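Overview (structure and organization)
For reference, the chains in residue letters:
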Amino acid sequence: MLTNLFPALKLEELWQATYETFYMTILALVGTFIFGILLGLLLYLTMRGGIWENKFINLIVASFVNIFRAIPFIILILLLFPFTNFLMGTIRGPNAALPALIIGAAPFYGRLVEIALKEVDKGVVEASKAMGAKTRTIIFRVLLPESMPALISGITVTAIALIGYTAMAGVIGAGGLGNYAYYFGFQRRDFDVVLVCTIVIVVIVFIFQFIGDYIANKIDKR
Amino acid sequence: MISIKGLQKIFTFDNKQITAVDQLSLDIQEGEIFGVIGYSGAGKSTFIRLLNRLEEPTEGSIQINNQEITQLNKKDLRIARQDIGMIFQHFNLLWSRTVKDNIAFPLEIAGFPTAEREKRVQELIDLVGLSGKENAYPSQLSGGQKQRVGIARALANKPKLLLCDEATSALDPETTNAILDLLVDINEKLGLTIILITHEMHVIRKICNRVAVMENGRIVEQGDVLDVFLHPQQTVTKKFVEQVMGVADESESIHHLINTYNEGRIIRLHFIGETTNQALISQVAKAYPIDINILQGKITQTQRGAYGTLFVQLKGDSSDMEEAVTFIQKNTSVEVEVIRDAH
């Protein structure tokens, strides 16, 4: 196995690696979307003049977001090894990468969500209050729908960052294209494998960007 | 219907206190269109937002339909707000929803079932004259159409009270008039009480029954629109009246009139709001053998009839002119002031 790689075998491995990259990116994206929106909402609602104005909670959430955004991703994975092991029962494979990917990307997306929510016309929120809307209604029927194009653009940017993170996670054993390029390409001096992996990653990035732009455009009725 | 007593709002910025609304007391009757006018910074916008507690009052009482608004807890306040419609200067529509869905929003909040919602939305669309625009998005509408959506949305829960926060200030004059006509129309059709704030005296003149003038957080003058127009007491009120009627200082132009028209008698007619005497000039001309020459004047229409002044020159037999003046004084509400007797 170390000496002669058959082209067919390579293709199968490439396919497997691509699948793992998609798998990690999409699952991490779902988690990031949920946690990021939660963080963004908390930041927005507890800010000065917000619906749930609360200096203390705002400070805690903001600190959490700032700290985890400051840690380089490759170090974050290492830091989170015990946590990952506790949560997933392993530190290897695509599933083991998910906690670090989500914890790494959610604070970043949370800030983008906060910015998107701040862009929502305050008058509209006020009008909803004047109609007697509950905070829940304001969140789900006003804030989130009205900021949706920015939320989608934000998650697109985050998705592309996540694809990069999966490659880094791959190098320390998470699988996917990063793993494949490093172990089967770089370490074996098979630079054609590195090249093919690069092309596939670039194509994946383009696909995400295209889908994100398309949806953001489609739902923007402003 | 609405009784406001000792209402006060103090904002605190960086340890500095600013009194936006100061010991304001006011009673508003059911079914009337009540205007509050003032320059920006007078506190009128804060005042109207205190009424549904978009701003929390610092002190005072607000009773709407015998309900003490300032005492309500969060939940009761939400329910009370569903009975108070509000429209805004910048419309504040949800761009992500169609006209139909924007109007349906307050009904969703109040928890109406879908079928009922659709029926009510269609009624409202017809009421405000937006048929055919149901599925348009706000970005596809003109300013006037957006405000119509705003009005329909404010009326969705059949409120008894409509608050208008500078509702026409972002519209051009023609659209303003159309929106004001619509407000009068719904006021009459639905018996809705309307409180509006504005900085345009034209708006007050056109649709209000009563007006309050605000300055520095206080009401400095209030009363029937016609009375305020006729006898403005405060400097600020006089300025607002001038907005509509032109500068009040007429001494120079009167002097000019007297010099130019040196024949006959020159009188000033004050129209103070009766619509039955609109044919006054022709009536007098027919009844008495005199000539009437209109020299100068300005008449404007308010909710309670014509208001303004007219300078006319009377020519003819002196006793006929005397009788004509007596006729106007006795049979109409028009006040006559003789500027110059015939020589």
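Residues numbered from 1 in each chain as written. Chains lettered and ligands numbered in written order. Predicted model: local features only at pLDDT ≥ 70, side-chain atom pairs only at ≥ 80, totals over all residues. Heavy atoms only, no water.

Time to look at the overall build of chain B. Helices and strands together make up the secondary structure of chain B, namely 12 helices and 14 strands. For chain B, the spread of C-alpha atoms along the principal axes amounts to about 75 × 55 × 35 Å. By residue count, 53% of the 343 residues in chain B fall in the buried class. Counted over contacts in chain B with a minimum sequence separation of 6, partners at least 24 positions apart contribute 70%. On chain B, roughly 15,700 Å² of surface is accessible, and the fraction owed to carbon and sulfur atoms is 45%. One finds the centroid of the 36 positive side-chain charges in chain B at a distance of 7 Å from the centroid of its 44 negative side-chain charges. (Helix = DSSP H or I, 4+ residues; strand = E, 2+ residues; numbered from the N terminus. Buried < 20%, exposed > 50% of the residue type's maximum accessible area, 1.4 Å probe, protein only. Contact = heavy atoms within 4.5 Å. Areas by Shrake-Rupley, 256 points an atom, 1.4 Å probe, with all protein chains shown as cover. Lys, Arg positive; Asp, Glu negative; His and termini not counted. Charge placed at Lys NZ, Arg CZ, Asp CG, Glu CD.)

In this section: the overall build of chain A. Within chain A one finds 10 helices and zero strands. Counting from the amino terminus, chain A carries its helices and strands in the arrangement α-α-α-α-α-α-α-α-α-α. Dimensions along the principal axes, computed over C-alpha positions, put chain A at roughly 75 × 40 × 25 Å. The burial tally for chain A puts 46% of its 222 residues in the buried class. Within chain A, residue pairs in contact and separated by at least 24 positions form 72% of the contacts whose partners lie at least 6 positions apart. Here chain A has roughly 11,700 Å² of accessible surface; of this, 70% comes from carbon and sulfur atoms. Once the 17 positive and 13 negative side-chain charges of chain A are each reduced to a mean point, those two points are 8 Å apart.

Glancing now at the interface of chain B and chain A. Counting residues at the interface gives 22 residues for chain B and 22 residues for chain A. Contact with chain A buries area across many residues of chain B, yet R78, N92 and W95 of chain B alone supply 33% of it, more than any other trio. At the surface where chain B touches chain A, the tally comes to two salt bridges. One salt bridge connects R49 of chain B with E126 of chain A, and the closest N-O pair in it is separated by 2.5 Å. In this assembly, chain B and chain A are joined by seven residue pairs in polar contact (both at pLDDT 80 or more). Sorting the residues of the side of chain B that touches chain A by element identifies helix 2 (74–81), strand 6 (84–88) and helix 3 (99–110) of chain B as the ones contributing at least two each. The dominant element in the side of chain B that touches chain A, judged by the number of residues it contributes, is helix 3 of chain B, at four residues. Considered class by class, the residues forming the side of chain B that touches chain A number 11 nonpolar, five polar and six charged. (Buried area = accessible area lost by both parts, 1.4 Å probe. Salt bridge = Lys/Arg side-chain N within 4 Å of Asp/Glu carboxyl O. Polar contact = N/O pair within 3.5 Å; in protein donor to acceptor, adjacent residues only side chain to side chain. Nonpolar A, V, L, I, M, F, W, Y, C, P; charged D, E, K, R; others polar.)

Next up on the list: the sheet that holds strand 14 (residues 335–340) of chain B. Residues and elements named next belong to chain B. Strand order in the open sheet made by the four strands is 12-13-11-14, with antiparallel pairing throughout. Of all strands in the sheet, those bounded by a partner on one side alone are strand 12 (291–302) and strand 14. Recorded for the sheet is a direction-independent mean angle of 15° between the axes of neighbouring strands. With eight bridges joining them, strand 11 (residues 265–272) and strand 13 (residues 305–315) adopt antiparallel strand pairing. Within strand 13, the residue paired with R268 across the bridge is F311. Along the sheet, helix 9 (residues 235–245) makes contact with strand 12 and strand 13, crossing strand 12 at roughly 120°. Relative to strand 11, helix 12 (residues 318–331) is tilted by about 10°, and along the sheet it contacts strand 11, strand 13 and strand 14. (Pairing = 2+ DSSP bridges. Axes fitted to C-alpha atoms, helices over the stretch in contact; angles between N-to-C directions.)

Another aspect to go through is the side chain of T332 of chain B. Positionally, T332 of chain B belongs in the loop between helix 12 and strand 14. Among the polar contacts listed, one links the side chain of T332 of chain B to the backbone oxygen of I328 of chain B, at a separation of 2.6 Å.

For helix 2 of chain B, the set of buried residues is L77, A80 and R81 of chain B. One side of helix 2 of chain B holds all its buried residues, which, seen down the axis, span an arc of 100°. On its buried face, helix 2 of chain B sits against helix 6 (122–130) of chain A together with strand 5 (67–68) and strand 6 of chain B. (Arc of directions from axis to C-beta.)

Right, let's talk about a nonpolar patch on the surface for a bit. Residues and elements named next belong to chain A. Side chains of L195, I199, V203, I207, F210, I211, Y214 and I215 sit close together on the surface and give an oily, nonpolar patch of about 780 Å² of accessible area. Note on placement: I207 falls in helix 10 (residues 191–219). For I207, a relative accessible area of 37% puts it in the partly exposed group. (Patch = residues over 30% accessible without salt bridge, like charges linked within 9 Å, V, L, I, M, F, W, Y side chains within 5 Å.)

Further remarks concern the pairing of strand 7 (residues 161–165) of chain B. Residues and elements named next belong to chain B. Burial analysis of strand 7 places five of its five residues in the buried class, the great majority of the element. Note that strand 6 and strand 7 share five bridges and pair parallel. Within strand 7, the residue paired with I87 across the bridge is C164. In this structure, strand 7 lies alongside strand 8 (residues 193–198), joined through five bridges in parallel fashion.

Turning to the domain arrangement of chain B, a few remarks are in order. All names here are of chain B. Split by domain assignment, chain B resolves into domain 1 (2–244) and domain 2 (251–340). Taking only C-alpha atoms, the centre of domain 1 and the centre of domain 2 are 39 Å apart. Of the residues lining the interface, 12 residues belong to domain 1; the matching set on domain 2 comes to 10 residues. Summing both partners gives a buried area of about 1,000 Å² for domain 1 against domain 2, and 57% of it is carried by carbon and sulfur. Sorting the residues of domain 1 by area buried against domain 2 places R205, L226 and L230 first, and these three jointly supply 54% of that buried surface. Our count for the domain 1 to domain 2 interface comes out at zero salt bridges. The tally of links from domain 1 across to domain 2 stands at zero residue pairs in polar contact (both at pLDDT 80 or more). Secondary structure elements with two or more residues in the side of domain 1 that touches domain 2: helix 7 (201–207), helix 8 (225–230) and helix 9. In terms of residue class, the side of domain 1 that touches domain 2 is made up of eight nonpolar, one polar and three charged. (Domains from an automatic or database assignment.)

Right, let's get into the sheet that holds strand 5 of chain B. Residue and element names in this part refer to chain B. Spatially, four strands are ordered 2-1-4-5 in an open sheet, and the strand pairing comes out antiparallel. With one partner strand each, in any of the chains shown, strand 2 (16–28) and strand 5 form the two edges of the open sheet. Of the pairings in the sheet, the one linking strand 1 (residues 2–13) to strand 4 (residues 59–64) comprises five bridges and is antiparallel in character. Its bridge partner being in strand 4, Q8 is matched across the sheet by E59. Relative to the sheet, helix 1 (residues 44–51) contacts strand 1, strand 2 and strand 4, its axis offset from that of strand 1 by approximately 120°.

Let us look at the packing of aromatic side chains. With the rule as written, the count across this model stands at 12 aromatic pairs over all chains. Note on F73 of chain A and Y165 of chain A: the rings are 4.2 Å apart at their centroids and 5° apart in plane angle, and the pair reads as stacked. Note that F73 of chain A is positioned in helix 3 (residues 73–79) and Y165 of chain A in helix 8 (residues 148–174), a separation of 92 residues in sequence. For F73 of chain A, a relative accessible area of 5% translates into the label buried. Ring centres of Y182 of chain A and Y183 of chain A lie 5.2 Å apart, and the angle between their planes is 80°; this geometry places the pair in the edge-to-face category. On the accessibility criterion, Y182 of chain A (28% relative accessible area) is partly exposed. For Y183 of chain A, a relative accessible area of 32% puts it in the partly exposed group. Put simply, the rings of Y182, Y183, F186 and F191 of chain A touch in pairs and so form one group of aromatic residues. The ring of F186 of chain A has R189 of chain A lying over it, and the distance from NZ or CZ to the ring centre is 6.0 Å. Taking NZ or CZ as reference, R222 of chain A lies 4.6 Å from the ring centre of W95 of chain B, over its face. (Phe/Tyr/Trp six-rings, centres within 6.5 Å; stacked < 30°, edge-to-face > 60°. Lys NZ or Arg CZ within 6 Å of the ring centre and 35° of its normal.)

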